[in-house]
Protein chains: 2
Amino acid sequence: MSLETVAGEALIQQNLERFLLVLTVSLSVATLPQIFSWVRQIPYTLLLVIVGLALAFVDVRLVNLSPELILSIFLPPLLFEAAWNLRWPDLKRDLFPVVLYAIVGVVISVLGIAFALNQWAAIPLTTALLLGASLSATDPVSVIALFRELGVDKRLSTLMEGESLFNDGVAVVAFSLLVGLALGTDDFELRRTVAEFVGFVGIGVGVGSLIGFGISFLTQRFDLPLVEQSLTLVSAYGTYLITEELGGSGVIGVVMAGMILGNFGSRIGMNPRTRLIVTEFWEFLAFFVNSIVFLLIGDQIQFASLGNNLDTIAITIAAVAVTRAVSIYLLGGFSNWVVESNINWQERTVLWWGGLRGSVSIALALSVPIILDAREEIIATVFGVVLFTLLVQGLTTKPLLKALNLLGEQSQKQQYLEAIARRIALTRVLERLEEEKRRPDIDPEYYRYQKSLVEGQIKELEREIEELRSQEPDLQEFVREKFREELLAIEADTYAEFVRSGRLNRELAPFLQDVIQEEKT
Amino acid sequence: MSLETVAGEALIQQNLERFLLVLTVSLSVATLPQIFSWVRQIPYTLLLVIVGLALAFVDVRLVNLSPELILSIFLPPLLFEAAWNLRWPDLKRDLFPVVLYAIVGVVISVLGIAFALNQWAAIPLTTALLLGASLSATDPVSVIALFRELGVDKRLSTLMEGESLFNDGVAVVAFSLLVGLALGTDDFELRRTVAEFVGFVGIGVGVGSLIGFGISFLTQRFDLPLVEQSLTLVSAYGTYLITEELGGSGVIGVVMAGMILGNFGSRIGMNPRTRLIVTEFWEFLAFFVNSIVFLLIGDQIQFASLGNNLDTIAITIAAVAVTRAVSIYLLGGFSNWVVESNINWQERTVLWWGGLRGSVSIALALSVPIILDAREEIIATVFGVVLFTLLVQGLTTKPLLKALNLLGEQSQKQQYLEAIARRIALTRVLERLEEEKRRPDIDPEYYRYQKSLVEGQIKELEREIEELRSQEPDLQEFVREKFREELLAIEADTYAEFVRSGRLNRELAPFLQDVIQEEKT
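The model shown is predicted, which means the values in this text are computed figures rather than measured ones. (Residues numbered from 1 in each chain as written. Chains lettered and ligands numbered in written order. Predicted model: local features only at pLDDT ≥ 70, side-chain atom pairs only at ≥ 80, totals over all residues.)

Caption draft 1: Quick look at the overall build of chain A. A tally of regular secondary structure across chain A gives 21 helices and zero strands. Counting across all 521 residues of chain A, residues that qualify as buried make up 44%. A fraction of 82% describes how many contacts in chain A between residues 6 or more apart in sequence connect residues 24 or more apart. (Helix = DSSP H or I, 4+ residues; strand = E, 2+ residues; numbered from the N terminus. Buried ≥ 20, exposed ≤ 12 C-beta atoms within 10 Å, placed from the backbone. Contact = placed C-beta atoms within 7 Å.)

Structure (structure tokens):
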């Protein structure tokens with residue numbers, strides 16, 4: 001090859017090679033549970049952190065994790081995927097507590113952590129505030145990965161995911177304001193700060209909505225699956241970059257765009273098959289990025305640096321836990337009182353303990369300006385706290401869920417739902433077999449064989465369903481609710497189909513929704 | 001954000017922004033046929049080249065296309081996807097002519113083009129040889145994109161795709177050897193050259209096979225769809241990099257790995273649903289990369305430079321066409337004589353005229369060392385020839401196929417499947433007519449008329465089906481397999497639907513799959 005390009009090629013190859021190496025390690029980790037059954041207790045993401053730590057321990061450093069890598073490359077797709085899958089009706093039901101946690105919760109957290117560090121670790125207030133802001137973002141990536149893997153109850157997931165998706169934006173904004181303060185370029189003035197905050201968030205919401213709805217209406221005008229799939233990718237990165245360039249919160253922009261495309265655009269603009277393919281594509285992308293991020297989090301740990309800051313880390317861990325307890329229990333109670341959100345103490349306990357910190361906190365800490373003396377200390381402390389929440393809290397969340405009886409019940413419901421899904425699937429297969437009976441091109445013997453197989457399986461499933469139902473009488477009500485949701489989805493999808501095909505000009509509010517709402521209240 | 005990271009972040013953001021811009025332009029181009037119906041005549045990839053040219057004309061340059069970008073980033077996924085979808089039984093049937101074209105064809109092309117340029121354009125032999133080598137790779141990307149879009153007969157596709165996938169590797173190897181010669185560091189010695197060639201190809205085949213079979217057997221040991229999907233991506237880039245590092249042909253390595261995984265690994269190691277998702281993922285990735293590559297090819301054109309080299313370009317175009325005619329017609333005849341491959345003159349004509357040059361030729365030209373004086377001339381000439389083949393040959397290939405009667409003829413299986421699909425569709429229409437009979441708002445006369453129409457059509461279809469079946473007895477087994485696949489798809493789709501709508505948290509493995517697997521063994 002040419003001499004001039006050798007340098008460029010070497011650089012690209014080196015980076016590519018390193019990421020391939022990271023992926024290879026991560027994918028090997030993913031197969032561990034297949035080999036050692038006891039590993040199955042540990043969620044994939046946490047397993048990656050542990051392996052990363054082990055590599056860091058023998059001083060094998062794979063790739064340097066920089067804030068720009070986290071913020072511009074990894075975060076947009078992860079946020080988009082989470083927002084794409086967040087069902088708006090679920091979120092709407094709990095919008096009040098979610099917003100409360102995301103805004104007031106962050107304020108409590110920043111101030112509380114800063115106060116504790118200033119008081120008991122003798123850390124200057126500006127540094128303490130920066131630490132507080134970095135650690136106020138419960139990382140959506142870690143939390144969502146954990147909750148999905150544990151199969152947590154849907155409502156709890158919505159609360160946690162919603163909070164994580166939104167408090168991120170708030171924490172990033174708070175952090176930026178505080179950096180200005182620490183550098184001495186700004187001085188604190190409440191009115192201006194609030195105005196800036198509203199600007200950040202407003203631009204994020206504005207750009208995100210514009211892109212979300214714009215692409216939704218655009219995709220409605222044509223049916224080109226690959227183009228629509230590409231557009232979701234373009235909108236994830238594009239929204240982030242445009243919002244940041246305009247001085248808004250990229251995180252909030254991506255979340256808005258993702259939610260709009262996932263809940264609205266994918267219904268009016270995509271045919272069901274495209275929607276499925278796009279969802280699968282994002283699931284893969286999220287898995288892919290997570291495989292890189294969590295391994296690198298573990299792999300970045302500087303043990304010496306952690307050791308030097310052990311006191312500060314311990315105090316910070318305590319402060320993080322206490323402030324989160326305060327905000328979750330207090331704000332939860334407040335929300336229960338105002339809108340009857342009924343977040344019981346078991347759920348609050350999980351929300352408290354499951355509030356992991358992750359890549360966003362690390363990105364913020366790494367982006368502390370080098371001219372600030374406290375930078376090393378901040379980075380070490382944040383890494384320490386993140387590691388604690390991921391490993392200690394992360395690994396004990398499942399037992400906690402079990403102890404609080406939030407998982408056991410779920411699994412029976414899950415089992416029941418699975419059995420039902422299987423029965424429906426096999427019934428459809430049977431129907432198809434009946435329907436095609438008249439097809440002269442396949443011989444009847446083959447039909448009979450297939451049919452008897454499927455019928456046997458269905459009978460077995462019915463026995464299982466009966467058994468489960470007799471064991472738990474609640475299942476009836478649970479299934480009824482599910483069924484109502486289904487009917488609603490059919491109705492909404494039909495309207496969406498009409499709108500998409502141009503036979504209707506505007507979305508109708510599903511009629512059943514009001515009925516259900518009435519029934520419930 | 002921090003000061004130290006501003007530079008890094010700006011760089012990443014800038015690159016990201018440029019690629020997002022490229023994508024946005026490409027996706028807009030993809031929607032053009034929806035707006036202007038006459039555009040539908042032009043394949044997407046060629047439309048991109050035209051739009052890129054238009055942008056270059058007003059001097060809007062999007063991203064600088066460098067050889068390392070093409071070779072390390074774009075080519076591996078495109079080659080992998082093409083190889084993944086190449087069916088081994090089809091290729092095996094035509095392996096002799098494919099290998100003949102890929103090896104002997106390249107030799108004829110390099111020498112022929114070099115001779116013509118040396119003779120009639122007074123270009124020094126070393127430069128002429130470099131030009132010959134750059135232009136001897138029929139670009140798999142362009143050719144495959146074109147043939148797929150045109151829906152060319154499968155055998156013709158296999159011949160062309162197979163040749164393109166393999167002659168690439170050969171041309172790259174020839175080019176590397178010739179660069180050494182041009183720089184004066186090597187002198188030509190036939191025995192050493194042949195040994196080097198065998199080494200290049202051998203390492204490629206070896207590494208590609210090793211990785212392909214290794215991952216095939218690995219994925220057989222577990223059922224983790226996302227991991228398996230990631231592994232295909234890792235193997236595409238990994239094979240390329242490792243092979244190149246070991247001094248082999250990365251192109252050949254990727255093609256080997258892709259073919260093994262697509263034909264063997266995906267069958268023994270993946271469940272049908274995973275295989276489908278992976279295939280869809282690669283289809284998307286290829287679309288995505290093509291959207292970038294073809295736009296940039298057009299956008300890179302330097303009109304002034306082309307103008308200065310018009311004579312050379314014209315002579316090269318003629319030389320390329322003539323040498324390809326010689327190799328296709330002669331070698332085709334030879335192959336027909338030796339293994340009775342029955343490549344008729346119509347097919348040979350398409351193989352000749354459809355042999356487009358594309359990104360590989362450009363990558364090779366761009367990688368000519370700057371210390372060679374002729375670099376600018378080589379680049380301009382290659383761009384000129386690539387543009388000619390893409391636009392003139394590319395746009396006239398479809399009319400040519402029509403004129404040669406190669407587009408109308410469809411495989412019998414395809415015809416059979418279509419007849420069956422039509423019959424099922426019409427049967428459903430009939431059922432609906434029966435069902436709606438009771439609707440009082442449509443008069444019975446109209447029903448009877450419609451019904452008799454549909455019934456007539458069904459009868460005709462049945463006759464056609466009967467006829468096809470008597471012509472080809474294989475169809476029975478073929479249809480049975482299709483039917484099994486259908487049943488499996490119904491089951492898998494139902495589960496996917498449940499997961500998507502949130503009624504199930506995790507994917508279920510289809511029950512029928514095991515049944516079918518057992519049946520087969």
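Caption draft 2: Expanded view of helix α6 (residues 125-134) of chain B. Here α6(B) lies mainly inside the structure; eight of its 10 residues are buried. Looking at α6(B), one finds that the buried residues are B:Thr127, B:Ala128, B:Leu129, B:Leu130, B:Leu131, B:Gly132, B:Ala133 and B:Ser134.

Caption draft 3: Broad picture of the nonpolar core. Core analysis: the biggest nonpolar cluster contains 250 residues, and A:Leu79, A:Ala83, A:Val255, B:Leu79, B:Ala83, B:Leu130 and B:Val255 have the highest contact counts within it. Among all residues touching B:Val255, those that are not within four sequence positions of it are B:Leu79, B:Ala83, B:Leu165, B:Phe166 and B:Gly208. One finds A:Ala425, A:Val429, A:Val454 and B:Tyr495 within the second-largest nonpolar core, a separate group that totals eight residues. (Core = buried A, V, L, I, M, F, W, Y, C linked by C-beta atoms within 7 Å.)

Caption draft 4: The arrangement of the packing of helix α5 (residues 95-120) of chain A against helix α6 (residues 125-134) of chain A in detail. Residue and element names in this part refer to chain A. For the pair α5 and α6, interaxial distance at closest approach is 8 Å and the crossing angle is 135°. Here α6 runs oblique to α5, going by the angle between their axes. Considering how the two elements wind past one another, α5 and α6 form a crossing that is right-handed. In this structure, α5 uses Ser109, Val110, Leu111, Ile113, Ala114, Leu117 and Asn118 to contact α6, whose residues at the interface are Leu125, Ala128, Leu129, Leu131, Gly132 and Ala133. Taken together, the residues of the contact of α5 with α6 break down into 10 nonpolar, three polar and no charged. (Axes fitted to C-alpha atoms, helices over the stretch in contact; angles between N-to-C directions. Parallel < 35°, antiparallel > 145°, perpendicular 65-115°, else oblique. Left-handed = near helix turned anticlockwise from the far one by under 90°. Nonpolar A, V, L, I, M, F, W, Y, C, P; charged D, E, K, R; others polar.)

Caption draft 5: Representation of the environment of A:Glu376. Structurally, the position occupied by A:Glu376 is in helix α17 (residues 375-403). Measuring from C-alpha to C-alpha, the distance between A:Glu376 and A:Arg469 comes to 58 Å, with 93 residues separating the pair along the chain.

Caption draft 6: Here's a closer look at the environment of A:Thr396. All names here are of chain A. Mapping Thr396 onto the fold places it in helix α17. The class of Thr396 is partly exposed, set by 13 C-beta atoms lying within 10 Å. A C-alpha to C-alpha distance of 47 Å links Thr396 and Arg432, two positions 36 residues apart in sequence.

Caption draft 7: Inspection of the packing of α5(A) against helix α8 (residues 154-183) of chain A at higher detail. Residues and elements named next belong to chain A. One way to put it is that α5 packs onto α8 with a least axis distance of 8 Å and a crossing angle of 45°. Comparing their axes, α8 and α5 come out oblique. Between α5 and α8 the crossing geometry is right-handed. Of the residues in α8, those touching α5 at Pro97, Val98, Val99, Tyr101, Ala102, Ile103, Gly105, Val106 and Val110 are Leu159, Gly162, Glu163, Phe166, Asn167, Val170, Ala171 and Ala174.

Caption draft 8: Expanded view of helix α16 (residues 359-366) of chain B. Among the eight residues in α16(B), eight count as buried, and that is most of the element. If you check which residues of α16(B) are buried, you get B:Ser359, B:Val360, B:Ser361, B:Ile362, B:Ala363, B:Leu364, B:Ala365 and B:Leu366.

Caption draft 9: Looking closely at the environment of B:Met160. Residue and element names in this part refer to chain B. Take Met160: it is sitting in helix α8 (residues 154-183). Residue Met160 is classed as buried on the basis of its C-beta count, with 25 C-beta atoms lying within 10 Å. For the pair Met160 and Tyr101, spaced 59 residues apart in sequence, the C-alpha separation works out to 9.5 Å. What Met160 contacts, discounting residues up to four positions off in sequence, is Val143, Phe147, Leu351 and Gly354.

Caption draft 10: Structural view of unusual backbone geometry. All names here are of chain A. Even without being glycine, Ala122 reaches a positive phi, approximately 55°. Tracing the backbone shows Ala122 in the loop between α5 and α6. For Ala122, a count of 10 C-beta atoms within 10 Å puts it in the exposed group.

Caption draft 11: Region of interest: the confidence of the model for chain A. Residues and elements named next belong to chain A. Overall, the prediction assigns chain A a mean pLDDT of 82, with 87% of residues at 70 or greater. Mean pLDDT across the elements of chain A ranges from a minimum in helix α21 (residues 511-520), with 51, to a maximum in α5, with 93. Low confidence marks residues 1-6, where pLDDT is under 50. Its contacts with residues over four positions away, or in another chain, come to 15 contacts. (pLDDT = per-residue confidence, 0-100.)

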